[in-house]
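So you can see what is in the structure, the chains are spelled out below.
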Amino acid sequence: MNVSIIIVNYNTQDLTRNCIKSVFEQTKDIDFEVIVSDNGSTDGSVEMIKTEFPQVVLIENNANLGFGAANNRGLKIAKGKYVFYLNSDTVLLNNAVKIFFDFWESYSEKEQLGALGAWLTKDGKVIHSYGSFPSFCNMLQTLLRAVISDLFGSLKKYRHKTILKNHHETLTKEIHGYVTGADLFVKNDSSALFDERFFMYFEESDLQLNNFSLTEKKTFILSEPKIVHLEGGSDKKTDKYTFSKKTSFFYWRSCLIYFSKNYPDKGFYKGILKFFIILVYLLPRNAKIGKTYFKELLSL
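Calculation notes
- Position numbers for residues count from 1 along each chain, tracking the sequence in the order it is written.
- In keeping with the predicted nature of the model, local features appear solely for residues at pLDDT of at least 70, side-chain atom pairs appear and are counted solely at 80 or more, and the whole-chain, interface and lining totals rest on all residues.
- The basis for the side-chain values is all heavy atoms of the structure; hydrogens and waters are excluded.
- Elements are defined by DSSP. Helices are runs of H or I of four residues or more, strands are runs of E of two residues or more, and each kind is numbered from the N terminus.
- In this scheme, a helix's expected span is set at 1.5 Å multiplied by one less than its residue total.
- Residue exposure (1.4 Å probe, protein chains only): buried if accessible area is under 20% of the type maximum, exposed if over 50%, otherwise partly exposed.
- Note that the arc is defined by the directions from the helix axis to the C-beta atoms.
- The contact definition used throughout considers only heavy atoms, calling two residues in contact when any of these lie within 4.5 Å.
- Here the rule is simple: two strands pair whenever DSSP picks up at least two bridges between them.
- Summary of the metric used: pLDDT quantifies the predictor's per-residue confidence within the range 0 to 100.

A. Focus on helix H1 (residues 13-26). Given a rise of 1.5 Å per residue, 14 residues ought to cover 20 Å, and the 20 Å separating the end C-alpha atoms of H1 matches this to within 8%. Along H1, the positions that sit buried rather than exposed are Leu15, Thr16, Cys19, Ile20, Ser22 and Val23. All buried residues of H1 lie within an arc of 160° about the axis, which places them on one face of the element. Buried residues along H1 sit in contact with strand E1 (3-9), strand E2 (32-38), helix H2 (45-52), strand E4 (82-86) and strand E5 (90-92).

This is the structure in structure tokens:
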């Protein structure tokens, strides 16, 4: 088996159907399998997969384990030499899986490769495809924007700000950061395991920081694979800048876990982030969700 494609599904029946359909329609001349790790969906997703895609290996977790843990369940049974983590809100437009596989197999120093990704698009435009590893400064900046947004109104113009300055820059290039978890192509070994403390968010940057960047493995964004990412399609209510949804809590919870794990000598910085996160959840408009998660935030 060349590649195992692992898709996590949680109540995204239509998105998952379109994603799987595109995989089987576009993937040619390569031995692959599709594994769907379902996190206790109640929207008919499981029945749809069993009926429409009987060739898919379906894992029924019967609970929402989170993104990393669900992927790990898929990795545990994956037979492929490589693993392709693919979001349910993506659609392949060409033989992307074969392109990733051929690039890795033909690379002169395979043992130096860590991860591959593609230039993701939405509505014909390049969107967030990779990023720098989270730092105290950029996390504090995002937090301050969130505070201002909660106090003075929406800052939606910041929501889709990416590192891409020129949308025509779509050449294959080595990056010094992480590939977004929406289309992460890696070797099938222990380095592909996610830290399950991250329920959602930061898990892909944590994995790539520890398993690839710190070990000086190379990461590339390829120009040839064509993949549409609906960016948030599997969680349309996410908005980390307004703190009005449950998912925002998981974002900042993962932020604190990331800093605790990867920067243990910088507890002061973590303390500052934690202070502002707790402050936001004490604001009147966030009182309901703050009451639910306040104790957990304090314990991190």
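From this point, the discussion proceeds with the structure in view.
B. Spotlight on the pairing of E4. Burial within E4 is extensive, with five of its five residues counted as buried. Judged from the four bridges that link them, E1 and E4 form a sheet pairing that is parallel. The partner of Ser4 across the bridge, within E4, is Val83. Of the pairings in the sheet, the one linking E4 to strand E11 (residues 183-187) comprises five bridges and is antiparallel in character. From the neighbouring strand, Leu86 faces E11, where its bridge partner is Asp183.

C. Main features of the confidence of the model for the chain. When the pLDDT values of the chain are averaged, the result is 87; 84% of them are 70 or greater. Scored below 50 in pLDDT, residues 154-168 makes 21 contacts in the model with residues more than four places away or belonging to other chains. In the model, residues 236-244 has pLDDT below 50 throughout and makes 35 contacts with residues more than four positions away in sequence or in other chains.

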